[in-house]
Structure formats: C-alpha cells, structure tokens
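Here is how the chains run, residue by residue.
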2 protein chains.
Amino acid sequence: MLTKTWVGLEKWHEFVSNRNEQTLEEALSDNIIFHSPFVWKPKHGKLAAMQVLTNVVQVFQDFTYHRYFFSETGATLEFSAKVGDLTVKGVDLLEFDEDGKIKDFEVLVRPANGLQALGAEMTRRLTQN
Amino acid sequence: MLTKTWVGLEKWHEFVSNRNEQTLEEALSDNIIFHSPFVWKPKHGKLAAMQVLTNVVQVFQDFTYHRYFFSETGATLEFSAKVGDLTVKGVDLLEFDEDGKIKDFEVLVRPANGLQALGAEMTRRLTQN
C-alpha cells in the first residue's frame, strides 16, 4: 500500500521541524545529487546539498507539507511557504538509496515571481558565506 | 499497490500523443481547476484548462514522461521537454474526481530560465487568440 517509509524521509521531516544539522546529515546519502528549482546544474555530494538545504529552510516561512505521492523507490512531497510577502507552492522529488537515505533531491517551485524571489535570496546567502 | 489507474490519466496520455481535443475533453472534469507554473491565480473550468493545455503541448518539444508517483486520489508525473533551445524539467500534480477524470491539474517547471521562456511563449499565444 501507499505507506512505505524510509529513514531518510523520517529524518528529513525531523530536520524541517528541529533544524538540527546532524538530523539532516543522517537523512542524506553521501553521494546525494541536489537539483535546484532555480538553476539547471545539479550540486553533487552531501556538503553541497546541506549548504543549500540549511539555508532554504531559513528562507521559507510558514513552511507546510500537504499531499504526498509515492513510487516504489521515491516520494513527491507537496509544500506551501512564504518567501518574503509572496506565497509559493512547491514539490520535493525524492529518491532513496538501499539504506533509505535520500540520494536524489529535486525541488520545483511556482509561480515565477516567488521562484525569482527565492533564487535572489538564496544567491545572496550562498555568495555571502 | 502502486498500480492504480484512472480514465483521466489514460486519456491525458492519449492526448499527449494524439493531440486530439476530444480526447483531452474526455480526460478533464467539467469543474477542473488548473494551476499554471507561471502565475499564481488558477483557471476554473474545462474550457479555460483546454485552452492552456492544447497550447502547452505545442510549445513543449521532445516532451517525455519519466517517474510516476501515486496517492490514493492522485498522481505526480515527472517530465522533461525543450522550450526553444532550453531544456526544462517539470511535474504535473493531478487529482481525480469520482469518475476518474482530472479535477485539479497543477504544473511546476524548473529551472527559472526555462520557466520564463515558457511563460513568455504561452502569454504570446494566449493573448493573440
């Protein structure tokens, strides 16, 4: 049935609420590939993915998950959030490795003005560090 | 199991390959709500959704579905396509009514440059008609 769970999905949810980097580290495969909603080129490896994900949870306000969809090896999580005064919708497309950790993390966001605001704020944060 | 099918999903796939408006008409609920990747405000009703969807399948080239994810009442379909010389990834979030027709159709596209190109071309087509 549609009740499959993975340790990476559980740990990801924990991280979204507790913002603890150790929890995020446990959710991700060492060889994770992260696909940004804003740029085409993916980021490779856990450190690069963690840098993005620890920042994005600070940019998104009122972050809430809604619908969940599953395949045999992955899940789609629908979310809504605020970026500044704009409301956005998004999806996380996740694939899990044999240990249940997230090995592929792709994010899509709509509409265009919210995506632009997210991209601008993420660029500001990641180029300041 | 993850093998649930709906007539709306079957008809939608038929439409993507045959481009027959009658097939699309049979896929959609009369009261469908369509959420564009580009603008926040949804479009209500079958005629409005059909106007967008018949144009978008002409704008997207090399349109291919990849991963599928399911819930009890809906599905997420991952796709890739070309918009001009840009490659985009996207997802269709679909919900089905009690007759299996699509009652909610939400599209998200990445990355930002591909989404902008899609929005510009769709605006051009929909304001010319």
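Because the structure is predicted, anything quoted here is derived from the model rather than measured.

Cut-offs applied
- Residues numbered from 1 in each chain as written.
- Chains lettered and ligands numbered in written order.
- Predicted model: local features only at pLDDT ≥ 70, side-chain atom pairs only at ≥ 80, totals over all residues.
- Heavy atoms only, no water.
- Least-squares fit on C-alpha atoms with pLDDT ≥ 70 in both.
- Contact = heavy atoms within 4.5 Å.
- Salt bridge = Lys/Arg side-chain N within 4 Å of Asp/Glu carboxyl O.
- Helix = DSSP H or I, 4+ residues; strand = E, 2+ residues; numbered from the N terminus.
- pLDDT = per-residue confidence, 0-100.
- Buried area = accessible area lost by both parts, 1.4 Å probe.
- Polar contact = N/O pair within 3.5 Å; in protein donor to acceptor, adjacent residues only side chain to side chain.
- Nonpolar A, V, L, I, M, F, W, Y, C, P; charged D, E, K, R; others polar.
- Buried < 20%, exposed > 50% of the residue type's maximum accessible area, 1.4 Å probe, protein only.
- Pairing = 2+ DSSP bridges.

Let's shift gears to the relation of the copies chain A and chain B. In the superposition of chain A on chain B (RMSD 0.0 Å, axial shift 0.0 Å), the rotation amounts to 180 degrees. The superposition operator between the copies reduces to a two-fold rotation axis. An overlap of 100% is found between the interface residues of chain A and their copies at the interface of chain B, pointing to a shared contact surface.

Moving on: the pattern of salt bridges. Here the structure, examined in full by the defined rule, presents 24 salt bridges over all chains. The salt bridge partner of B:Glu14 is B:Lys11, with a shortest N-O separation of 4.0 Å. One end of the pair, B:Glu14, and the other, B:Lys11, are both in helix α1 (residues 7-18), 3 residues apart, so they sit about a helical turn from each other. If you follow the salt bridges from partner to partner, you end up with A:Arg67, A:Glu78, A:Lys89, A:Arg110, B:Glu95 and B:Glu106 in one network.

So, on to the confidence of the model for chain A. Confidence in the prediction of chain A, expressed as mean pLDDT, is 94, and 96% of residues score 70 or more. Listed scores for the predicted complex are pTM 0.95 and ipTM 0.94.

For the rest of this paragraph, the subject is the interface of chain A and chain B. Every contact between the two is made by 35 residues of chain A and, on the other side, 36 residues of chain B. Roughly 2900 Å² is buried in total at the junction of chain A and chain B, and carbon and sulfur atoms are behind 61% of that figure. Along the contact surface separating chain A from chain B lie 8 salt bridges. As a salt-bridge pair, A:Glu106 and B:Arg67 come within 3.6 Å of each other at their nearest N and O atoms. Inspection of the chain A/chain B interface yields 15 residue pairs in polar contact (both at pLDDT 80 or more). Broken down by secondary-structure element, the contributors of at least two residues to the side of chain A that touches chain B are β3 (61-70), β4 (74-83), β5 (86-96), β6 (102-110) and α4 (112-128) of chain A. Here the side of chain A that touches chain B gets 8 residues from one element, more than from any other, and that element is β5(A). Class assignment for the residues of the side of chain A that touches chain B results in 20 nonpolar, 8 polar and 7 charged.

With that settled, the discussion passes to the pairing of β6(A). Residue and element names in this part refer to chain A. β6 sits mainly inside the fold: 8 of its 9 residues count as buried. Across 4 bridges, the pairing between strand β1 (residues 28-35) and β6 is parallel. Across the sheet, residue His-35 finds its bridge partner in β6, namely Glu-106. Here 8 bridges tie β5 to β6, and the two strands are oriented antiparallel to one another. Following the sheet pairing, Gly-90 is matched in β6 by Val-109.

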